[in-house]
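An overview of the molecular structure
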Amino acid sequence: MIRQTQILILVLVIGFFSQTLKANTATQDLLIQKLTQVYLSLPDSNDTKIKMTLRLADLHAERGRLKAKSLETCATCDSGVSDRQKAIEYYRAALPKISGEQSQNVWIQIGHLHEVLAENAKASDAYKKVIALDKGPARAEAQFSLAEIHFKNREFVAAQKLYQETLSSSTFKRKGLATYRVAWCFYNRGEINQAIQQLDQLLASPELLSRGGESSASADQGFQSEVAKDFTVFVAHSSAVSPQWIEKVYKYSPSPTRIENVSFLAKELERLGRIEQAEKAWQLVVNETSDPQIRMEGLVYLAGLQLKINQAPKALPHLKKALSHWSTLSGCRDARVCDELKVRLRTLIFDWNRSEQKNPSPELLEAYQGYFTVVSDQPQAYELASQVASHNKEFSLAMEWNLKAYQLTTSKEDQERLLLKRVEIAEVSKNPELLESAQDFYLSKSSLKKHASDIRYQRAQKSYDAKDFQKASTEFKDLALHPATPATLKAQAAELALDSLVLLKNDNLIEIWAQEFAKALPEKSQRMRQLASQSVLSQTAQLSEKESDLMTAWNTLNRFDVASADAER
């Protein structure tokens, strides 16, 4: 009798220490060693042996848990598998001698141990034994645990049935988590609206907002955040997103994540092509946030949404407000957010430009003006903006932005294109001074000079058309004798240079220049010598009119090139 009493006291002491010193593995090792020695010394008929069996099972299970947990910080630590297997052995040894609720709890423990050992079939069998008893508070726990196995195996119909059965139990405490799982079962089965209703019910009931079994009037913030985030995802993927659901995403989310969740919803809705609903979500963000940076982001997205539905005039106010915030903030707090917004702005502006390529609007011009207050290092943007300004007859602005693009460009080919575009803008403006300035700029800045001859020809032609034949003749002559001038243009320039001299009645210079052109233009040599000879005859005729100039006339006639004479004349 004394020995049995001592054993009972030892069991109680060990039980106390095993509960208060769980984290101390050395103490656990000692407790298990001592209790195992006593256990082995007891006959099966001893009434206290069953208590020792269960206590040993509990100790091995707990030590196995701690060993597995230690793997997070210790690569060489024991995973606790052998302890868990030993615990199952002890629990099963105790089963024939216990009954009722105690038996159910042991079966649940066995099920949990098999689960962590990845023995789901055995775990399921253990839970089913509890469920088969059809009584006791442990039944709902077993149903929930079995449902979890089905859920992990993506057997959502079976899992949902079991979760819903646990919810009908008055003793089951984890109703919030079970409701959450039911919602996910609906979602994974494609019944999204039912999933939303489940989470709506959960988020609207503070007493359910707990992952564990504790009862509290206040929500578990971590669990509420997780559920609210999933509610956001479900709403985004719903077939019909009403303003009410968007507002509930905001209402149900914990304060720190409200704006984040609605912003996520807005982006998802846009990605899925739900433009109207996305607009409502972003408008809610803009109206409710106190953070200027987030409001700026929302306004940029709102502008982009308006462009997607071809409402450029409505996009501009949003964009202007966003850029106003940017100026106030002098950028963003977060460099990553700044970079993302710049990319978003660039995409917005370029898409807008592309949509109005044939007829760019004044709103697009104004959008570019705002854009350049934020981004000033993109030559392509300045080039496109210059074209928009030219179309809207804002030629000074077009020239300014063309110059910016030129200054930001390092490629000689791109610079050549921009310089030529500058000339084209000036031509469209019909402003002679602007055109002359653009041509001068091209001739002084172009390193490739691909269009230099054309521009020089245009300038000479302009002088000719203005009847400034003195200037025109010189310009045409320079062009004709320039080595870079194409052959066809050289010939035309030479003819017009001489034609200008004809109009000036300068026969002497005609003779001289024609002879120069004959040497410079071999393919036109015969033609140029003929013109020189004609000039000699013309000069001779003029000198012959005065008797005093007869000798001069004779000397002039001696310069006549007989070889160049036309036999038919």
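Now for a look at the structure at hand. What you see is a predicted model; the values in this text were computed from it and never measured. (Residues numbered from 1 in each chain as written. Predicted model: local features only at pLDDT ≥ 70, side-chain atom pairs only at ≥ 80, totals over all residues. Heavy atoms only, no water.)

**As for the overall build of the chain**
To keep things clear, this is the line we draw: Starting at the N terminus, helices and strands are each numbered in turn, a helix being any DSSP run of H or I of at least four residues and a strand any DSSP run of E of at least two. For this analysis, residues touch if any pair of their heavy atoms sits within 4.5 Å.
The secondary structure content of the chain amounts to 28 helices and zero strands. Taking all contacts inside the chain whose residues are at least 6 apart in sequence as the whole, residues at least 24 apart take part in 53%.

**Considerations on the packing of helix H9 (residues 175-188) against helix H11 (residues 221-236)**
Applied cut-off: Under this scheme, a helix contributes an axis fitted over its contacting stretch, all axes are lines through C-alpha atoms, and angles between N-to-C directions fall in the 0 to 180 degree range. Oblique is the label for any angle not covered by the other classes, which are roughly parallel (under 35 degrees), roughly antiparallel (over 145) and roughly perpendicular (65 to 115). Crossings are sorted by hand: turned counterclockwise from the far helix by less than a right angle, the near helix makes the crossing left-handed, and turned clockwise it makes it right-handed.
Running from N to C, H9 and H11 point in directions that differ by 20 degrees, and their axes come no closer than 12 Å. Between H9 and H11, the interaxial angle falls into the category roughly parallel. Considering only the axes of H9 and H11, their crossing is left-handed. Across the interface between the two elements, Gly-176, Leu-177, Tyr-180, Ala-183, Trp-184 and Tyr-187 from H9 touch Phe-223, Glu-226, Val-227, Asp-230, Val-233 and Phe-234 from H11.

**Some words on unusual backbone geometry**
Going by this rule: The classification of residues rests on relative accessible area computed with a 1.4 Å probe and restricted to protein chains. Under 20% of the type maximum is buried, over 50% is exposed, and intermediate values are partly exposed.
Backbone geometry places Arg-154, a non-glycine residue, at a positive phi of 60 degrees. Examined against the element boundaries, Arg-154 turns out to sit in the loop between helix H7 (138-152) and helix H8 (156-167). Even without being a glycine, Asn-310 presents a positive backbone phi close to 60 degrees. Classification of Asn-310 as exposed rests on a relative accessible area of 65%.

**A word on helix H14 (residues 275-288)**
Helical geometry note: an α-helix holds 3.6 residues per turn, so side chains three or four residues apart project in the same direction. Short version of the rule: In this analysis, the expected span of each helix is defined as 1.5 Å times one less than the number of residues it contains.
Its 14 residues give H14 an end-to-end C-alpha distance of 20 Å, which sits within 8% of 20 Å, the value for a rise of 1.5 Å per residue. Of all the positions in H14, only Ile-275, Gln-277, Ala-278, Ala-281, Trp-282, Leu-284, Val-285 and Val-286 are classed as buried. Where H14 is buried, its residues contact helix H12 (243-252), helix H13 (258-271) and helix H15 (292-308).

**Structural notes on the pattern of salt bridges**
Threshold: A side-chain nitrogen of Lys or Arg and a carboxyl oxygen of Asp or Glu constitute a salt bridge if their distance falls within 4 Å.
Tallied over the entire structure, the rule returns 29 salt bridges. Between Glu-270 and Arg-344 there is a salt bridge, and its shortest N-O distance comes to 2.9 Å. Within this pair, whereas Glu-270 is found in helix H13, its partner Arg-344 is found in helix H17 (residues 335-355), the two being separated by 74 residues in sequence. According to the relative accessible area criterion, Glu-270 is buried, its value standing at 8%. One network of salt bridges, in which partners are shared, links Asp-29, Arg-63, Lys-67 and Asp-83.

**Some thoughts on the environment of Phe-186**
Tracing the backbone shows Phe-186 in helix H9. When its relative accessible area of 11% is taken as the criterion, Phe-186 is described as buried. Separated by 30 residues in the primary sequence, Phe-186 and Phe-156 place their C-alpha atoms 8.0 Å from one another. Sequence-distant contacts of Phe-186, defined by excluding residues within four places in its chain, comprise Gln-160, Gln-164, Glu-191, Ile-192, Gln-194, Ala-195 and Gln-198.

**Some words on the packing of aromatic side chains**
When we look at a pair of aromatic rings, we describe it by the centre distance and by the angle of the planes. We apply this condition: A pair of Phe, Tyr and Trp rings is counted when the ring centres sit within 6.5 Å of each other, with Trp represented by its six-membered ring. The angle between the planes then sorts it: under 30 degrees is stacked, over 60 is edge-to-face, the rest tilted. Consider the ring centre and the ring normal. A charge sits over the ring if Lys NZ or Arg CZ is within 6 Å of that centre and within 35 degrees of that normal.
All chains considered together, the criterion is met by 20 aromatic pairs. When the ring of Tyr-187 is compared with that of Phe-234, the centres are 4.4 Å apart and the planes differ by 10 degrees; the resulting orientation is stacked. Placement of the pair is Tyr-187 in helix H9 and Phe-234 in helix H11, with a sequence separation of 47 residues. Phe-234 matches Tyr-187 in its accessibility class, with the two residues each being buried. Geometry around Tyr-250 places Arg-258 over its ring, the cationic atom sitting 5.2 Å from the centre.

**So, the environment of Asn-105**
As for its position among the elements, Asn-105 is in helix H5 (residues 100-116). Residue class for Asn-105 comes out partly exposed when judged on its relative accessible area of 37%. For the pair Asn-105 and Ala-142, spaced 37 residues apart in the sequence, the C-alpha separation amounts to 9.0 Å.

**So, the nonpolar core**
We apply this condition: Buried Ala, Val, Leu, Ile, Met, Phe, Trp, Tyr and Cys residues form a nonpolar core when they are joined through side-chain atoms within 4.5 Å.
Counting residues in hydrophobic clusters, the biggest one holds 140 residues, and the most contacted among them are Phe-231, Leu-319, Trp-352 and Trp-401. The residues touching Leu-319, leaving out its near neighbours within four places in the chain, are Ala-303, Leu-345, Leu-348, Ile-349, Trp-352 and Ala-367. Judged by nonpolar contacts, the second largest core, of 24 residues, contains Ala-480, Ala-493, Leu-501 and Trp-513.

**With respect to helix H23 (residues 452-465)**
With 14 residues, H23 should reach 20 Å at 1.5 Å per residue; the first-to-last C-alpha distance of 20 Å fits that figure. For H23, the set of buried residues is Ala-452, Ser-453, Ile-455, Tyr-457, Ala-460, Ser-463 and Tyr-464. Where H23 is buried, its residues touch helix H21 (412-429), helix H22 (432-445), helix H24 (469-481) and helix H25 (487-504). Following H23 by one or two positions, Lys-467 adopts a phi angle in the positive range, close to 65 degrees.

**Description of the packing of H25 against helix H26 (residues 507-520)**
Let me state the cut-off plainly: Under the scheme applied here, ten amino acids are nonpolar (Ala, Val, Leu, Ile, Met, Phe, Trp, Tyr, Cys and Pro), four are charged (Asp, Glu, Lys and Arg), and all others, including Gly, are polar.
Two numbers describe how H25 lies on H26: the axes approach to 10 Å, and their chain directions differ by 170 degrees. It follows from the interaxial angle that H25 and H26 lie roughly antiparallel. Taking contact as the criterion, the partners of Ala-494, Ala-497, Leu-498, Leu-501 and Val-502 in H25 are, on H26, Leu-509, Ile-510, Trp-513, Ala-514 and Phe-517. Residue composition of the contact of H25 with H26, by class: ten nonpolar, no polar and no charged.

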